[in-house]
Each structure stands twice: as C-alpha cells, then as structure tokens.
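Each chain, written out:
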Amino acid sequence: MLDAIDVAILAALQNDARLPNKDLAALVNVAPSTCLVRHRALRESGVISGYRAEVSLGALGRPLQAVVAVRIRPHTRAVVQVFMEFVLGMPETVSVSHVAGPEDFLVHVAVADAAHLQRLLLDSYTTRREVAEVHTNLLFEHRRKAEVPPTVDALR
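Predicted, not measured: the structure shown is a model, and the values here were computed from it.

## A closer look at unusual backbone geometry
Residues Arg73 and Pro74 are joined by a peptide bond in cis, for which omega reads -5 degrees. Mapped onto the fold, Pro74 is located in the loop between strand S1 (64-72) and helix H4 (77-88).

And the structure:
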C-alpha cells in the first residue's frame, strides 16, 4: 500500500530519476532522511523496479520503428520461452510482450530503414518453425507518459 508521500516520490522520480535525494525531499516536502528511507523502501518492495536512460533511437541509427505481431504454433510454455529469448537477443528488439488475443507476441523493433525491416522479418522471423503468422505495423510516433499514477486500490 502506498501513501501520499510514496505517490509524490514516485511521480517525481518518473519525471526525473536522477534527482538528488535533497531535491527529491524538497519536492515532496519531507526531511532528506525520511525521503531516503521511503525511496529505499520503494526499491526494496519492488515498486521501483529500475532506472533507465531514455535514448533517441534515431540517434542510434534506428529511426524506423514497428510493432511486429507474431502468432506461434504450438503455443506452449517451452515454445513461448524459446521464442521470447530469441526475440530479446536480437539487436533490433526494443521490447516484447506476450499477449492474449489473435497474436501471441507484440514485438517493438527499431531498424535503420524499410529494407532492414524487410530483412529482419524474412530472415529472422518467418524462417522460424514456430512462427505461424506475422503482421507488421509501422510506428509514426511513439511516446511514453512521464508519470503512471497508482490505482486507488494501491493507496493506503
């Protein structure tokens, strides 16, 4: 369960995970020692699961993004695990989600250009025996929300 201080700490860190403790404490209006204890507790409980640098995919030479929807057969735990590891091992993969519905996976990829995307699909995805179907959707724009608030049920 989270209280108002925890929520304020999470909101501030989601906007800038590099905030020094003293600045974070001032933002949420608590003593630096209290803020440090609360921040540590949020990490140890798994509410804060990590810190990452957001990078420009275009600056990395991968300006074209797509979501590749993949259906596999058979849809078994063993095949799911092997496919997930395969996809995560590819440099083009940004993220992968195992989903319910007509597709089994949604894979966010970033590539240099359309030819790179075509090679990726034809040489890496469709050559795998477990891949039954592939649908590709180009991303024109991708943005993340700066802050994801907790649900009412997560609050004390």
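## With respect to the environment of Ala11
Tracing the chain through its elements places Ala11 in helix H1 (residues 4-15). Sequence-wise, Ala11 and Ser124 are 113 residues apart; in three dimensions their C-alpha atoms are separated by 39 Å.

## Points about the side chain of Glu130
Here Glu130 is to be found in the loop between helix H5 (114-125) and strand S4 (131-139). A distance of 2.7 Å separates polar atoms of two side chains, one belonging to Glu130 and the other to Arg128. The residues touching Glu130, leaving out its near neighbours within four places in the chain, are Arg71, Ile72, Arg73, Val79 and Phe83.

## Some remarks on the pairing of S1
If a strand is regular, its side chains alternate between the two faces of the sheet. Of the strand pairs in this sheet, S1 and strand S3 (residues 105-111) are connected by seven bridges, and their pairing is antiparallel. Considered in S3, the bridge of Val70 is made with Phe105. Where S1 meets S4, eight bridges bridge the pair, whose relative direction is antiparallel. Bridge assignment links Gln65 to a residue of S4, and that residue is Leu139.

## Re the pattern of salt bridges
The full count for this structure, using the stated rule, is eight salt bridges. Between Arg38 and Asp6 there is a salt bridge, with its nearest N and O atoms 3.0 Å apart. Highlighted residues: Arg38 in helix H3 (residues 32-44) and Asp6 in helix H1, separated in sequence by 32 residues. For Arg38, a relative accessible area of 21% corresponds to the partly exposed category. Classification of Asp6 by relative accessible area gives buried; the value is 4%. Each of the salt bridges in this network shares a partner with another, and the network as a whole consists of Asp3, Asp6 and Arg38.

Calculation rules
Residue positions within a chain follow its written sequence, with the count starting from 1. For this predicted model, a pLDDT threshold of at least 70 governs which residues receive local features, and a threshold of 80 or more governs which side-chain atom pairs are given and counted, while totals over whole chains, interfaces and linings are taken from all residues. Processing note: side-chain calculations cover all non-hydrogen atoms of the structure and skip hydrogens and water entirely. In this description a helix means any DSSP run of H or I spanning at least four residues, a strand means any run of E spanning at least two, and both kinds are numbered starting from the N terminus. N or O atoms within 3.5 Å of each other form a polar contact, as long as, within protein, one can give a hydrogen and the other can take it, and as long as residues adjacent in sequence are counted only when both atoms are side-chain atoms. When checking whether two residues touch, look at their non-hydrogen atoms; a contact exists if any pair is within 4.5 Å. Strands pair, by our definition, only if DSSP identifies at least two bridges between them. Any Lys or Arg side-chain nitrogen located within 4 Å of an Asp or Glu carboxyl oxygen qualifies as a salt bridge. A 1.4 Å probe rolled over the protein chains alone gives each residue an accessible area, and that area as a share of the maximum for its type sets the label: buried under 20%, exposed over 50%, partly exposed in between.

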